[in-house]
Amino acid sequence: ATQVAQRFVDAGVAAVIGHLTSGAAIPASRLYNDAGITMIAGSVTSPKFTEQGYNNTFRIIANDLQQGQALAKYAVTELKSKRIAVIDDRTTYGQGLADDFAKATEAAGGTIVKREYTTNSATDFMAILTSIKAEKPELIFYGGMDAQAGPMVKQMRKLGIQAVFMGADGVNTAEFAKLAGKDGEGAYASSAGASKELMPGYAAFNTKYKARFNGEIQAYAPYTYDATRVVIDAMKRANSA
């Protein structure tokens with residue numbers, strides 16, 4: 001991430017949209033800040049990203065503290081899940097999100113019966129899921145991305161774990177649905193921005209996106225386009241690029 005950021009700095013760019021993940025965006029933002037380059041993220045959710053004190057670093061979506069609190073409240077009060085297990089992938093995004101979710105779960109009256117860890121490249125979760133199964137959780141929360149969440153929920157069902165599966169925006173993707181298959185039915189995930197049903201310009205954007213890229217909209221495309229338009233509008237108002 002810092003190598004890419006340095007290339008942008010050397011090229012003298014006026015602004016950067018991104019980076020995609022918290023782990024990449026946070027170190028990159030330091031280089032942009034030092035160079036006086038504006039950075040607007042459409043997919044970075046770690047609170048640390050905008051808590052660094054930089055006056056040129058922005059996000060246009062909710063952060064993980066907000067997501068974690070909302071998900072925990074929903075799990076405990078709406079789904080009536082009291083015994084909850086938490087797994088995270090040890091990344092800046094996944095661990096921070098899981099920490100916020102766990103804290104908010106206990107504040108809402110739930111109990112964290114087990115906390116386990118994996119990596120963002122793992123594919124075998126049988127050992128940690130077996131350990132979790134012994135605690136009889138009603139819900140399993142995963143702080144991480146779709147590439148692990150899909151196989152994880154399949155392995156949960158293979159072990160006979162009937163607990164509800166929940167993730168955040170990293171799991172709210174078409175890839176998760178593809179990887180999880182029928183075992184993903186009934187899973188819950190959040191969105192860090194407005195749902196497509198609440199986006200005033202979604203229908204027109206969706207039509208243009210499909211025509212241009214011959215595929216479905218990816219999770220962060222609307223927010224990233226909005227971030228780009230914010231930069232363009234700022235340049236027009238300042239009459240300077």
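In what follows, the structure referred to is the one given above.
Only a predicted model underlies this, so the values are computations on that prediction, with no experimental measurement involved.

A.B. asks: Give me the overall build of the protein chain: which residues, what numbers.
C.D. replies: A count of helical and extended segments in the protein chain gives nine helices and seven strands. By the compact-globule yardstick of 18 Å for 241 residues, the protein chain fits well, its C-alpha radius of gyration being 19 Å. In terms of its C-alpha atoms, the protein chain occupies a principal-axis envelope of roughly 60 × 40 × 30 Å. Put simply, the protein chain has 241 residues, and 43% of those count as buried. Long-range contacts, defined here as pairs at least 24 residues apart, represent 58% of the contacts in the protein chain between residues at least 6 apart. As presented, the protein chain carries roughly 12500 Å² of accessible surface, and 52% of it is formed by carbon and sulfur atoms.

A.B. asks: So what about the nonpolar core? Which residues, and what values?
C.D. replies: Within the largest apolar cluster, 21 residues are counted, with the highest numbers of intra-cluster contacts made by I87, L129, I140 and F165. When contributions to this core are tallied by element, the ones reaching two or more residues are β4 (83-88), α5 (126-133), β6 (139-143), α6 (146-158) and α7 (174-180). Aside from chain neighbours lying at most four places away, what touches I140 is A85, I87, L129, I132, M156, I161, A163, V164, F165 and M166. Ranked by size, the runner-up nonpolar core spans 17 residues in total, among them A72, V76, A98 and A104.

A.B. asks: Describe the packing of aromatic side chains, and please don't skip the residues or the numbers.
C.D. replies: Taken as a whole and judged by the stated rule, the model has seven aromatic pairs. Between F205 and Y209, the ring centres sit 5.8 Å apart and the planes meet at 50°, which makes this aromatic pair tilted. Within this pair, F205 and its partner Y209 are both found in helix α8 (residues 202-213), separated by four residues, close to a single helical turn. A single burial state applies to F205 and to Y209, both of which are buried. With 4.9 Å between their ring centres and 75° between their planes, F205 and Y225 make a pair best called edge-to-face.

A.B. asks: Can you tell me about the sheet that holds strand β5 (residues 111-117), naming the residues and giving the values?
C.D. replies: On the basis of which strands lie adjacent, the open sheet formed by four strands has the order β5-β4-β6-β7 and parallel pairing. Two strands close off the open sheet at either side, each with one partner strand: β5 and β7 (164-166). Strand-to-strand twist in this sheet, taken as the mean axis angle between neighbours without regard to direction, amounts to 20°. In this sheet, β7 lies alongside β6 in parallel orientation, the contact comprising three bridges. Bridge pairing links F141 to M166 in β7. Sheet contacts for α5: β4, β5 and β6; angle to β5, the most-contacted strand, approximately 165°. Across the face of the sheet, α6 comes into contact with β4, β6 and β7 while running at roughly 170° to β7.

A.B. asks: Talk me through the pattern of salt bridges; I want residue IDs and the actual numbers.
C.D. replies: Summed over the entire model, instances satisfying the criterion amount to eight salt bridges. One salt bridge connects R115 with D88, and the closest N-O pair in it is separated by 2.8 Å. A residue pair is termed long-range when its members are at least 10 positions apart, and R115 in strand β5 and D88 in strand β4 qualify at 27 residues. The residue D99 makes a salt bridge to R115 at a minimum N-O spacing of 2.9 Å. Of this pair, D99 sits in helix α4 (residues 92-107) while R115 is found in strand β5, placing the two residues 16 residues apart along the sequence. Judged by relative accessible area, which is 33%, D99 ranks as partly exposed. Overlapping salt bridges bring together D88, R90, D99 and R115 as one network.

A.B. asks: Account for the sheet that holds strand β2 (residues 38-41), with residues named and values stated.
C.D. replies: Pairing within the open sheet is parallel, and its three strands lie in the order β1-β2-β3. A strand with exactly one partner marks an edge of an open sheet, and here the two such strands are β1 (15-17) and β3 (57-59). Shown here is a sheet whose adjacent strand axes are inclined to one another by a mean of 15°, direction ignored. Across three bridges, the pairing between β2 and β3 is parallel.

Reading guide: rules and limits
Residues numbered from 1 in each chain as written. Predicted model: local features only at pLDDT ≥ 70, side-chain atom pairs only at ≥ 80, totals over all residues. Heavy atoms only, no water. Helix = DSSP H or I, 4+ residues; strand = E, 2+ residues; numbered from the N terminus. Rg over C-alpha atoms; globule rule 2.2 N^0.38 Å. Buried < 20%, exposed > 50% of the residue type's maximum accessible area, 1.4 Å probe, protein only. Contact = heavy atoms within 4.5 Å. Areas by Shrake-Rupley, 256 points an atom, 1.4 Å probe, with all protein chains shown as cover. Core = buried A, V, L, I, M, F, W, Y, C linked by side-chain atoms within 4.5 Å. Phe/Tyr/Trp six-rings, centres within 6.5 Å; stacked < 30°, edge-to-face > 60°. Pairing = 2+ DSSP bridges. Axes fitted to C-alpha atoms, helices over the stretch in contact; angles between N-to-C directions. Salt bridge = Lys/Arg side-chain N within 4 Å of Asp/Glu carboxyl O.

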